[in-house]
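# Coordinates in review
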Amino acid sequence: MKAIKAGVRNEIVKMLSRKKYRTFLLLTFLISIAICSLGEFTKGFIGISLTNTPLALLSLATGFILPLMIAMATADLFTAEQENGSIKAIITRPVSRMDILISKVLSIVLYTLSVLVVCLVTSLVYSIAFNGMGLSSIGETLLAYAVSIVPMLPIILFAVTVSQLCKNSSSAVMLSVFGYIAIFAASIALPTISPMLFTSYTRWYKLFIGAGMPITNILNVLTLLVAYTLIFFAISSWVFEKKEY
Amino acid sequence: MVLTINNLSKTYRNGRGIKGISFQVQEGDIYGLLGPNGSGKTTTMKIITGLSRADQGDIQIFGSSVENDGEKSLEQIGCLIEAPAVYEYLSAKQNLENAAAYYADIKAPRIEDILKQTGLLQYQNDKVKDFSLGMKQRLGLALALLSYPKLVILDEPANGLDIEGMVAIREIILEQAKLKGITFLISSHLAHELELICNKIAIMKDGNLLKTATMEEVIEQSGTLENYFLETIRSGKEKSL
């Protein structure tokens, strides 16, 4: 556990020391402001009006912004380190490879959470200040953001698996992004297989908001997402364990 | 015995690798692996440090098997394999802090101490990407020495360095061996460099360990390590003919 704690600390330091990860958080903030302003501007326009800006922003984040960021982060923390040899700095320390893998995955989860927090805080403050958002809507929004990390987990582990199979970081990013798009496109083109694909549930927060909460449906989706997460984790940890540097 | 290597073999897909390597490193040794590029020095060191796996053979570090108890073995080791494993976008100090996080007893004073010993204290907050090759090599050495290792494994530590850089690295190694009693296993293709540092030597070529000797035996027999190396290689060729 101590090794994982140290590993997570190190990975977070590494990520935040790089300009692109700080810039990404700033960009997320600016996109959030832009979406909120768009919501304000389109008020009253039937069809394009954003009735709940924080949730519209959440859909954009989970469907587009976060998968892109996850592809970039996994390529940096796995493939790029393998490519430039800096992964040896950890492999030659008294830490198991499983602990190294878990630390890297957890740090990506934490960074994903921080992007979600930036979206949440920005859109909530904006909505409360300019739209007079009510307490019930605030509670609903908080719940929606909290549960949205779950569909991100199989996406993270999918990208980790891809990064294990690639030899250079740019191909890892491209393969992760195109892989995600291909699975997403398959779910649209073949509606019958859509319920079985993890990319179909990036907006699963919708199950938690509204009048009734379909518990059975939620449990089914949760089981599917956990299964995908575990399968991708098993594949990536097997490959990581076998790797030679 | 600090390190015991017994019948170590590994073959890569291209057919290269190492074949039945065996040698022992005793406490206080500065043990040199001398051989041309591709002779199997790096492969041997990668297997010792857990970066690679052997097809056959056994490695014991202070009695612990690397195969069965890799983490315990790595607690006693510091290493620099091929190029220094550093994060270029972090400072020297941050690189050392990252490594220190894996050891309970390595705190800020030790980091400052090792920066001082390797002459990097005044550059501790500079990003590694701005370092010269020599400075990166010294940082690599600082990372290898950080955790008070009993055995330090250095693969071509003088690689690409100018004369001043080579002397600086040599002085650090000799000082650590003399004052701290650290055992070193050093690989190089530079015979003169190893002659100045090592007390024992192993000659490697084409994945085979041809001969081991003390430096005294080498000098007595051939005058210089370079001559000893050439004689060993030539006699090996004659035998194969």
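Here, every reference points to the structure presented above.
Notes on the structure follow.

The rules we used
Residues numbered from 1 in each chain as written. Chains lettered and ligands numbered in written order. Predicted model: local features only at pLDDT ≥ 70, side-chain atom pairs only at ≥ 80, totals over all residues. Helix = DSSP H or I, 4+ residues; strand = E, 2+ residues; numbered from the N terminus. Rg over C-alpha atoms; globule rule 2.2 N^0.38 Å. Buried ≥ 20, exposed ≤ 12 C-beta atoms within 10 Å, placed from the backbone. Contact = placed C-beta atoms within 7 Å. Nonpolar A, V, L, I, M, F, W, Y, C, P; charged D, E, K, R; others polar. Pairing = 2+ DSSP bridges. Core = buried A, V, L, I, M, F, W, Y, C linked by C-beta atoms within 7 Å. Axes fitted to C-alpha atoms, helices over the stretch in contact; angles between N-to-C directions. Parallel < 35°, antiparallel > 145°, perpendicular 65-115°, else oblique. Left-handed = near helix turned anticlockwise from the far one by under 90°. Arc of directions from axis to C-beta. Expected span 1.5 Å × (residues − 1).

If you tally the helices and strands in chain B, you get nine helices and 10 strands. A compact globule built from 241 residues should have a C-alpha radius of gyration of about 18 Å, and chain B, at 18 Å, falls within 12% of that. C-alpha extents for chain B along the principal axes are approximately 55 × 40 × 35 Å. Taken across its 241 residues, chain B has 47% of its residues classed as buried. Looking at chain B alone, contacts between residues at least 24 apart form 68% of all its contacts between residues at least 6 apart.

With that out of the way, let us pick up the interface of chain B and chain A. Contacts between the two partners involve 22 residues from chain B, matched on the other side by 20 residues from chain A. Every element with two or more residues in the side of chain B that touches chain A is listed here: α2 (70-75) and α3 (92-100) of chain B. Here the side of chain B that touches chain A is composed, by residue class, of 13 nonpolar, five polar and four charged.

Now for the pairing of strand β3 (residues 30-34) of chain B. Residue and element names in this part refer to chain B. The buried fraction of β3 is high, at five of five residues. Here β3 shows no split at all, with Ile30, Gly32 and Leu34 on one side and Tyr31 and Leu33 on the other all buried. Examined bridge by bridge, β3 and strand β8 (residues 183-188) share five bridges and lie parallel to one another. Looking at the pairing, leucine 34 lines up with serine 188 of β8. Pairing of β3 with strand β9 (residues 200-205), which is carried by four bridges, proceeds in the parallel orientation. Bridge pairing in β9 links tyrosine 31 to lysine 200.

Time to look at the nonpolar core. Within the largest apolar cluster, 133 residues are counted, with the highest numbers of intra-cluster contacts made by A:Ile156 and B:Ala142. Those residues in contact with B:Ala142, other than ones at most four positions away along the chain, are B:Leu96, B:Ile114, B:Leu115, B:Thr118 and B:Leu120.

Residue and element names in this part refer to chain A. As a packed pair, helix α5 (residues 97-131) and helix α9 (residues 215-242) sit with axes 9 Å apart at the nearest point and diverge in direction by 130°. Classed by the angle they form, the pair α5 and α9 counts as oblique. Like other packed secondary-structure pairs, α5 and α9 cross with a definite hand, here right-handed. In this structure, α5 contributes Arg97, Met98 and Leu101 to the contact, and α9 contributes Ser236, Ser237, Phe240 and Glu241. Class assignment of the residues belonging to the contact of α5 with α9 gives a composition of three nonpolar, two polar and two charged.

Before going further, it helps to spend a moment on helix α4 (residues 108-117) of chain B. All names here are of chain B. Within α4, burial applies to Ile111, Ile114 and Leu115. The arc that holds the buried residues of α4, viewed along the axis, is 105°, so those residues lie on one side. One or two residues past the end of α4 sits glycine 119, with phi positive at roughly 70°.

On to unusual backbone geometry. Residues and elements named next belong to chain B. In this model, glutamate 156 sits at a positive phi of 45°, which is unusual for a non-glycine residue. Within the secondary structure, glutamate 156 sits in the loop between β7 (151-155) and α6 (163-180). Within the chain, aspartate 206 stands out as a residue other than glycine whose phi angle is a positive 50°. Turning to its location among the elements, aspartate 206 is positioned in the loop between β9 and β10 (208-214).

Residues and elements named next belong to chain B. In space, the six strands of this open sheet follow the order β6-β7-β8-β3-β9-β10, with mixed pairing throughout. For this open sheet the edge positions go to β6 (77-80) and β10, each flanked by a neighbour on one side alone. On average, adjacent strands in this sheet sit at an angle of 15° to one another, irrespective of strand direction. Taken strand by strand, helix α1 (residues 41-48) contacts β3, β7, β8 and β9, and its axis lies near 145° from that of β7.

This brings us to helix α2 (residues 19-41) of chain A. Along an α-helix, residues three or four positions apart point the same way, because every turn accommodates 3.6 residues. Residues and elements named next belong to chain A. Here α2 is 23 residues long and its end C-alpha atoms lie 32 Å apart, about the 33 Å a rise of 1.5 Å per residue gives. Within the sequence span of α2, burial applies to Tyr21, Phe24, Thr28, Ser32, Ile35, Cys36 and Gly39. Against the buried residues of α2 lie α1 (2-17), α3 (53-84) and α5.

Moving on, we come to the environment of A:Asn217. Residue placement: A:Asn217 occurs in helix α9. As for A:Asn217 and A:Ser127, which are separated by 90 residues in sequence, their C-alpha atoms are 30 Å apart.

Let us look at the sheet that holds strand β1 (residues 3-11) of chain B. Residues and elements named next belong to chain B. Read from one edge of the open sheet, four strands run β2-β1-β4-β5, paired in antiparallel fashion. Where the open sheet ends on each side, the last strands, each with one partner, are β2 (17-25) and β5 (64-65). As defined by bridge partners, β1 adjoins β2 across six bridges and the pair is classed as antiparallel. What sits directly across from leucine 3, in β2, is valine 25.

Moving on to the pairing of β1(B). Residues and elements named next belong to chain B. Counting the residues that bridge the hairpin from β1 to β2 gives five residues, and of these glycine 15 lies at a positive phi of roughly 90°. Where β1 meets strand β4 (residues 56-61), five bridges bridge the pair, whose relative direction is antiparallel. What sits directly across from leucine 3, in β4, is isoleucine 61.

Read these as spatial facts, not as claims about activity.
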